[in-house]
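# Notes for the structure review
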Amino acid sequence: MKAIDKLFKEKKDILSIYFTAGYPTLESTQEIIKTLEKNRTDLIEVGLPYSDPIADGPVIQKSSQKALENSMCISLLFSQLKAIKKEIHVPLILMGYYNQFLRFGEEAFLKKCKEVGLSGIILADLPAEIYQDKYRGLFEKYELAFIFLVTPKSSDARILKLSKLSKVFLYVISSTATTGVKDRFEKEQLDFFKRIQKLNLKIPTLIGFGISNRDSFSMACQYAQGGIIGSAFINALNEKDIKGSVQNFIESIV
Amino acid sequence: MNSPLIDEKGFYGDFGGAFVPEMLWPNIEELQECYQRIIAEKDFQADFKILLRDYVGRPTPLFFCEKLSRKYNARIYLKREDLNHTGAHKINNTIGQALMAKRLGKRKIIAETGAGQHGVATATVCALLDLECTVFMGAFDMQRQKPNVARMKMLNAKVIPVISGNKTLKDAVNETLRYWINHPETYYLIGSVVGPHPYPKMVAYFQSVISEEIRKQVFKKEGRTAPDYIIACVGGGSNAAGAFYHFLKDLSVQLIAVEAAGLGTHTDQTAATTVKGSKGVLHGSMTLVMQDKDGQIIEPYSISAGLDYPGIGPMHAHLFQNRRAQFLNVTDKEALQATYELTQLEGIIPALESAHALAALAKLSFKKEEVVVVNLSGRGDKDMESYIKTIDQFSKDEGYR
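This is a predicted model, so every value here is computed, not measured.

### Some thoughts on the overall build of chain B
- Each helix and strand in chain B was counted, giving 16 helices and 14 strands.
- Relative to its 401 residues, chain B shows a buried fraction of 66%.
- Partitioning the contacts of chain B with sequence separation of at least 6, the portion at a separation of at least 24 is 74%.
- When the accessible surface of chain B is summed, it comes to about 14300 Å², and 51% of that surface belongs to carbon and sulfur atoms.
- Counting 47 positive and 45 negative side-chain charges, chain B places the averaged centre of each group 4 Å from the other.

Pasting the structure below:
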């Protein structure tokens, strides 16, 4: 967890990129991570493709489906990550669904995550109460950050509660929506960001969902310590030129 | 609303709960906070009961099947949920939840549907109560249940084809959940005893009128407070939940849950969750699900669109685990045979789902005086296309006697 703590202590305008492991090809995972590290990216979220991604919009759904058709699986992803562990210094976060963690065996899963160099985990559908009662100690044991999400519909009390449970940063979802691309933030979203600022949380925030270009990213940086881009990045990936398409996309953002 | 077996966090033993992304939390929380108070209100109960009586046509008859009884050597009754308005038990729940939505101030209803029965029941109640209705249905299911798609459209519901995954019920639920995340002002009217708490508990309660009536009717006809057996099919499990509900704690009643084996549990073309499944999370609740080693949900298969679901409701997972209910499974072929048998012996064409429950009769051995209630959850009109295709194969010249 040290690398990711250091990042949030030292840096502003944090650029975080999400992509789905095994998309567009089974082998693209390592190349995407390496290219992102060389191109300004501060934090990488690796999506574990899932058959029933209810929190995800069409772009990530399709990438997950393709990744599963490509035969991406958890053990393969772990071995791909392990193989590049030494050369990658940018912190990596794994993002998946609770059933994947449960089925693998919770402690075995965390042990593996630690072993392959991951810094944190997001499980979109693991409720805070169950994390608190059942898993908090395990995440601490393996020094893995568990990151919570809040939305414009979350009450102040719930945001405060989740900000205390969340480790390293709190993931602020810009709108009440599944993941996906929007052109810009509306007033309602900006009001939400201001509401979060007023709460003076003791933990940094990153804004995600709906960031797709330079403008929306810089807007996210005004209200939080940085932004997370997922669907727009996945849309930009070109199977025939992973490196070039990643570079071009990052250049278009910062 | 004192529901059996469930704790205040929505768990039936190890199963249940609300495993939903933060985006859905406010919607679920609102429902969790309000549903019990609303259901307990006198005018809610009055509205619900009047509509069940005058609009749905309840109580549904408990019919004694003389010839089926002779054949299976027991006293066999059918609980005629097929005679409900819209042709299945589904409408009991849609009336309850639509009244709930109105009291929560929601005007727009969303729902998923597999066989189309829940979609039709939802569209029907929405027409009656002036609610806007959008139904998500797997594109593949739309193909095999055309009459129901037409009914929903006639009732002015918007039917949205779901093209993700296997294009069946599981994918329709996913898509409805996503729509709900993006449109929190809508009310999600879920069709079975599945989904995050409080849905399984609420749907079971609205369907419990089935077992409430069975108790009274068995008393009237047999002079006993309970039957020896209750048999019902289980996809998600709402008709079974309703038929079992008031007998859950009455251990003298054998509860038989029948899953769809599809082409057989030895193949991968099956929907028999208790045979093939293991503990996992599906559609917001911890239950038994069909999944691979990585926790990816496996696409089920059954000839019956209403049973083509890779999980069962958490209450049923609990009944399976603690052996309160016995789980059997029935293949496509056995279900079709049961359809033709009932049609020719008793003059009733059952839905494919209900035919699975009927087919279980041949797998059990009864004593002559034992009272057996089969929940005939729906009628066969919607399945005529499947039946027409198989008529030569299953119609016997010598009949089924």
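After presenting the structure, the write-up continues.
### A short note on helix α1 (residues 2–10) of chain A
Residues and elements named next belong to chain A.
- Taken together, the buried positions of α1 are I4, L7 and F8. An end-on view of α1 places all buried positions within 90 degrees of arc, on one side of the element. Relative to its buried face, α1 has exposed residues pointing more than 90 degrees away, namely K2, K9 and E10.
- In the core, the buried residues of α1 are packed alongside β1 (14–20), β2 (43–47), β3 (92–96) and β8 (205–208).

### Observations regarding the pairing of strand β12 (residues 285–289) of chain B
- With 5 of its 5 residues buried, β12(B) lies for the most part within the structure.
- Remark: 2 residues form the turn of the hairpin made by strand β11 (residues 278–282) of chain B and β12(B), two consecutive strands paired antiparallel; B:H283 in that turn has positive phi of roughly 50 degrees.

### Quick notes on the packing of helix α14 (residues 332–346) of chain B against helix α16 (residues 384–394) of chain B
Residues and elements named next belong to chain B.
- At a closest axis distance of 11 Å, the pairing of α14 and α16 adopts a crossing angle of 80 degrees. Between α14 and α16, the interaxial angle falls into the category roughly perpendicular. The residues of α16 that touch α14, namely those facing K333, L336, Q337, T339 and Y340, are Y387, T390, I391 and F394.
- Split into classes, the residues belonging to the contact of α14 with α16 amount to 5 nonpolar, 3 polar and 1 charged.

### Some thoughts on the interface of chain A and chain B
- In this assembly, 36 residues from chain A lie in contact with 34 residues from chain B.
- Interface area, chain A with chain B, both sides summed: about 2800 Å², of which 54% is carbon and sulfur.
- When the area that chain A buries against chain B is broken down by residue, the three leading residues are A:D52, A:I54 and A:R103, summing to 23%.
- There are 2 salt bridges connecting chain A and chain B.
- Taken together, the connections running from chain A to chain B amount to 16 residue pairs in polar contact (both at pLDDT 80 or more).
- Elements represented by at least two residues in the side of chain A that touches chain B include exactly α3 (58–69), α5 (98–104), α7 (128–141), β6 (149–150) and α8 (156–165) of chain A.
- If you tally residues by element for the side of chain A that touches chain B, the top one is α5(A), at 5 residues.
- Residues of the side of chain A that touches chain B, tallied by class, amount to 19 nonpolar, 9 polar and 8 charged.

### Overview of the environment of B:E346
All names here are of chain B.
- Checked against the element boundaries, E346 lands in helix α14.
- Through-space distance from the C-alpha of E346 to that of T225 is 26 Å; in sequence the pair is 121 residues apart.
- Excluding its chain neighbours within four sequence positions, the residues that come into contact with E346 are F63, C65, E66, K67, L68 and E341.
- Separated by 3.0 Å, the side chain of E346 and the backbone nitrogen of L68 make a polar contact.

### Thoughts on the environment of A:L165
All names here are of chain A.
- When you line up the elements, L165 lands in helix α8.
- Overall, the relative accessible area of 3% leaves L165 in the buried class.
- It is 8.2 Å that separates the C-alpha atoms of L165 and I147, two residues lying 18 residues apart in sequence.
- Those residues in contact with L165 that sit more than four places away from it in its chain are A128, Y131, Q132, R136, F146 and F148.

### A short note on the packing of aromatic side chains
Residues and elements named next belong to chain B.
- What the rule picks out here adds up to 35 aromatic pairs over all chains.
- Relative to F327, the ring of F320 lies with its centre 5.3 Å away and its plane at 90 degrees, an arrangement referred to as edge-to-face.
- The class for F327 is buried, based on a relative accessible area of 14%.

### Examining the domain arrangement of chain B
Residue and element names in this part refer to chain B.
- Looking at chain B, the domain boundaries give domain 1 (12–53 + 90–203) and domain 2 (58–87 + 208–395).
- One C-alpha centre belongs to domain 1, the other to domain 2, and the line joining them spans 22 Å.
- On the domain 2 side, the residues contacting the 44 residues of domain 1 number 44 residues.
- The junction of domain 1 with domain 2 conceals about 3400 Å² of combined surface from both sides, 58% of it contributed by carbon and sulfur atoms.
- Contact with domain 2 buries surface across domain 1, with F15, R144 and K170 losing the most and accounting together for 21% of the total.

### Here's the deal with α7(A)
- End to end, α7(A) covers 18 Å across 14 residues, agreeing with the expected 20 Å (1.5 Å per residue, within 8%).
- Taken together, the buried positions of α7(A) are A:A128, A:I130, A:Y131, A:Y135, A:L138 and A:F139.
- Its buried side turned inward, α7(A) meets α5, α6 (106–115), β4 (120–123), β5 (145–146) and α8 of chain A together with β1 (11–12) of chain B.
- Downstream of α7(A) by one or two residues, A:E143 has phi in the positive range, about 50 degrees.

### Side note on the sheet that holds strand β5 (residues 108–113) of chain B
All names here are of chain B.
- Pairing is parallel across the open sheet formed by 4 strands, whose spatial order is β7-β6-β5-β8. Each having just a single partner strand, β7 (158–162) and β8 (187–188) make up the two edges of the open sheet.
- The sheet contact formed by β5 and β8 spans 2 bridges and is parallel. Pairing of I110 across the sheet is with Y188, part of β8.

### Regarding the packing of helix α4 (residues 90–103) of chain B against helix α5 (residues 117–128) of chain B
Residue and element names in this part refer to chain B.
- Running from N to C, α4 and α5 point in directions that differ by 40 degrees, and their axes come no closer than 9 Å. Compared by their axis directions, α4 and α5 come out oblique. As for how α4 packs across α5, the hand of that crossing is right-handed. Here K90, I91, N93, T94, I95 and A98 of α4 lie close against α5, whose contacting residues are Q117, H118, A121, T122, T124 and V125.

### Some thoughts on the sheet that holds strand β13 (residues 325–331) of chain B
Residue and element names in this part refer to chain B.
- With mixed pairing, 6 strands are arranged side by side in an open sheet as β3-β4-β14-β9-β10-β13. Bordering the open sheet on either side are β3 (62–64) and β13, each of which pairs with just one other strand. If you compare each strand with its neighbour and ignore which way they point, the axes differ by 25 degrees on average.
- In the sheet, strand β10 (residues 254–262) pairs with β13 via 7 bridges, with the strands oriented parallel. Each residue of the ladder has a partner; that of I256, found in β13, is Q326.
- Contacts from helix α15 (residues 352–359) reach β4 (75–80), β9 (229–233), β10, β13 and β14 (371–376), with the element oriented near 145 degrees to β9.

Reading guide: rules and limits
- Residues numbered from 1 in each chain as written.
- Chains lettered and ligands numbered in written order.
- Predicted model: local features only at pLDDT ≥ 70, side-chain atom pairs only at ≥ 80, totals over all residues.
- Heavy atoms only, no water.
- Helix = DSSP H or I, 4+ residues; strand = E, 2+ residues; numbered from the N terminus.
- Buried < 20%, exposed > 50% of the residue type's maximum accessible area, 1.4 Å probe, protein only.
- Contact = heavy atoms within 4.5 Å.
- Areas by Shrake-Rupley, 256 points an atom, 1.4 Å probe, with all protein chains shown as cover.
- Lys, Arg positive; Asp, Glu negative; His and termini not counted.
- Charge placed at Lys NZ, Arg CZ, Asp CG, Glu CD.
- Arc of directions from axis to C-beta.
- Pairing = 2+ DSSP bridges.
- Axes fitted to C-alpha atoms, helices over the stretch in contact; angles between N-to-C directions.
- Parallel < 35°, antiparallel > 145°, perpendicular 65-115°, else oblique.
- Nonpolar A, V, L, I, M, F, W, Y, C, P; charged D, E, K, R; others polar.
- Buried area = accessible area lost by both parts, 1.4 Å probe.
- Salt bridge = Lys/Arg side-chain N within 4 Å of Asp/Glu carboxyl O.
- Polar contact = N/O pair within 3.5 Å; in protein donor to acceptor, adjacent residues only side chain to side chain.
- Phe/Tyr/Trp six-rings, centres within 6.5 Å; stacked < 30°, edge-to-face > 60°.
- Domains from an automatic or database assignment.
- Expected span 1.5 Å × (residues − 1).
- Left-handed = near helix turned anticlockwise from the far one by under 90°.

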